[in-house]
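# Working through the structure, step by step
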Amino acid sequence: MALMSAPIVRVHNLTKRFGDFTAVDHVSFEIQPGETVGLLGPNGAGKTTTFQMLLGVITPTHGTIEMLGLDLLHHREEILRQVNFSSTYISMPYALTVEENLRVIGRLYGVSGIDRRIDDVIKKLEMEDMRHKVARKLSSGQMTRLTLAKAVLTEPKILFLDEPTASLDPDIAHKVKGFLKEYRATSGLSMLYTSHNMREIEEMSDRIVFLQRGKVIAEGTAQEVIAQYGEDDLERVFLKIAREH
């Protein structure tokens, strides 16, 4: 898919301080329509704080976030209607079944043809056997699939994915990645994708933004970043950065 020139996400000098601690330090990057950008970095590098600012959960100390050509600070509701998020580390209302959870999300977002959308997402993520299961009885892998189903149900233009396959077995993880690739190809979806699985990042990302101690220290395709650090693969780059900075 050809990428347009105007970024769908533009982050400029994004900074977040908590007292004397700077969690994110003048971070800038862009995501083009239809592009997947991998956000990498060791624990504590600033990835989660960056996600929280992009989702409007916390307010930046400094800098700007633009999505869909609009400033997040002034157009938060309009932007977030077209954005969604999935993470291994969040859960859904435990007393509701999988289908009930998706129906609530669909109504909150005003999704049209909700029955068809739920059927389609459940089928594509192979969730038929858990459709009527209450969330508190789901395994961690099943909950991960539910949060991903929630995220794509609303047909977002931008999807933020935090460790989307971390609790999945290799078979389901492979199917989820295939689903995301197909969905992106057919919808033009843009994604910001984080994982500690370097092979997964190489497979899923067009470009990589590497954070360490709140700053961008490398950016480019996987091969460009690997060449920049003189290593053989992205995992060795990750280890080098984590141990030297």
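Residues numbered from 1 in each chain as written. Predicted model: local features only at pLDDT ≥ 70, side-chain atom pairs only at ≥ 80, totals over all residues. Heavy atoms only, no water.

Let us look at the overall build of the chain. In terms of helices and strands, the chain carries nine helices and 10 strands. Against the compact-globule benchmark of 18 Å for 245 residues, the chain has a radius of gyration of 18 Å, which places it among compact chains. If you line up the chain on its principal axes, its C-alpha atoms span 50 × 40 × 40 Å. Taking all contacts inside the chain whose residues are at least 6 apart in sequence as the whole, residues at least 24 apart take part in 67%. Of the roughly 11,900 Å² of accessible surface on the chain, a fraction of 48% belongs to carbon and sulfur atoms. For the chain, the distance from the average position of its 30 positive side-chain charges to the average position of its 33 negative side-chain charges is 4 Å. (Helix = DSSP H or I, 4+ residues; strand = E, 2+ residues; numbered from the N terminus. Rg over C-alpha atoms; globule rule 2.2 N^0.38 Å. Contact = heavy atoms within 4.5 Å. Areas by Shrake-Rupley, 256 points an atom, 1.4 Å probe, with all protein chains shown as cover. Lys, Arg positive; Asp, Glu negative; His and termini not counted. Charge placed at Lys NZ, Arg CZ, Asp CG, Glu CD.)

Below, the discussion takes up helix 9 (residues 234-244). Restricting attention to buried positions, one finds in helix 9 the residues Leu234, Val237, Phe238 and Ile241. Mapping the buried residues of helix 9 onto a view down its axis gives an arc of 100 degrees, with all of them on the same face. Away from its buried face by more than 90 degrees, helix 9 exposes Arg243 and Glu244. Against the buried residues of helix 9 lie strand 3 (36-40), helix 7 (198-204), strand 9 (207-212), strand 10 (215-220) and helix 8 (222-228). (Buried < 20%, exposed > 50% of the residue type's maximum accessible area, 1.4 Å probe, protein only. Arc of directions from axis to C-beta.)

This part covers the side chain of Glu200. Assignment of secondary structure puts Glu200 in helix 7. Within the buried set, Glu200 has no salt-bridge partner at all; the shortest N-O distance to an opposite charge, 4.7 Å, is to Lys177. Those residues in contact with Glu200, other than ones at most four positions away along the chain, are Pro164, Thr165, Lys177, Tyr193 and Ser195. (Salt bridge = Lys/Arg side-chain N within 4 Å of Asp/Glu carboxyl O.)

This part covers helix 6 (residues 170-187). An α-helical turn contains 3.6 residues, so a residue and the one three or four places further along point in the same direction. Spanning 18 residues, helix 6 covers 25 Å between terminal C-alpha atoms, matching the ideal 26 Å at 1.5 Å per step. Among all positions of helix 6, only Ile172, Ala173, Val176, Lys177, Phe179, Leu180, Tyr183 and Arg184 are buried. All buried residues of helix 6 fall inside an arc of 155 degrees around its axis, so they share one side. Turned more than 90 degrees away from the buried face of helix 6 sit Pro170, His174, Ala185 and Thr186, all of them exposed. For helix 6, the elements touching its buried residues are strand 3, helix 4 (114-124), helix 5 (140-153), strand 7 (158-162), strand 8 (190-194) and helix 7. Where helix 6 starts, the residue carrying a side-chain oxygen 3.0 Å from the main-chain nitrogen of Asp171 turns out to be Asp169. (Expected span 1.5 Å × (residues − 1). Polar contact = N/O pair within 3.5 Å; in protein donor to acceptor, adjacent residues only side chain to side chain.)

Take the packing of aromatic side chains next. We describe a pair of aromatic rings using the distance from one ring centre to the other and the angle between the two ring planes. By the definition in use, this model includes four aromatic pairs. Seen from their ring centres, Phe179 and Tyr183 are 6.0 Å apart, and the 25 degrees between their planes marks the pair as stacked. Placement of both Phe179 and Tyr183 in helix 6 is noted, with a separation of four residues, approximately one turn of the helix. Residue Phe179 is classed as buried on the basis of its relative accessible area, which comes to 6%. Take Tyr183: its relative accessible area is 12%, and that puts it in the buried class. Taken together, a centroid distance of 5.9 Å and an interplanar angle of 45 degrees make the contact between Phe210 and Phe238 tilted. (Phe/Tyr/Trp six-rings, centres within 6.5 Å; stacked < 30°, edge-to-face > 60°.)

Quick look at the packing of helix 4 against helix 5 now. Closest axis-to-axis distance for the helix 4/helix 5 pair is 10 Å, and the angle between their directions is 140 degrees. One finds that helix 4 runs oblique with respect to helix 5. Here helix 4 and helix 5 pass one another in a crossing that is right-handed. Of helix 5, the residues touching helix 4 (which contributes Ile114, Arg117, Ile118 and Val121) are Ala149, Val152 and Leu153. A class-by-class count of the residues in the contact of helix 4 with helix 5 yields six nonpolar, no polar and one charged. (Axes fitted to C-alpha atoms, helices over the stretch in contact; angles between N-to-C directions. Parallel < 35°, antiparallel > 145°, perpendicular 65-115°, else oblique. Left-handed = near helix turned anticlockwise from the far one by under 90°. Nonpolar A, V, L, I, M, F, W, Y, C, P; charged D, E, K, R; others polar.)

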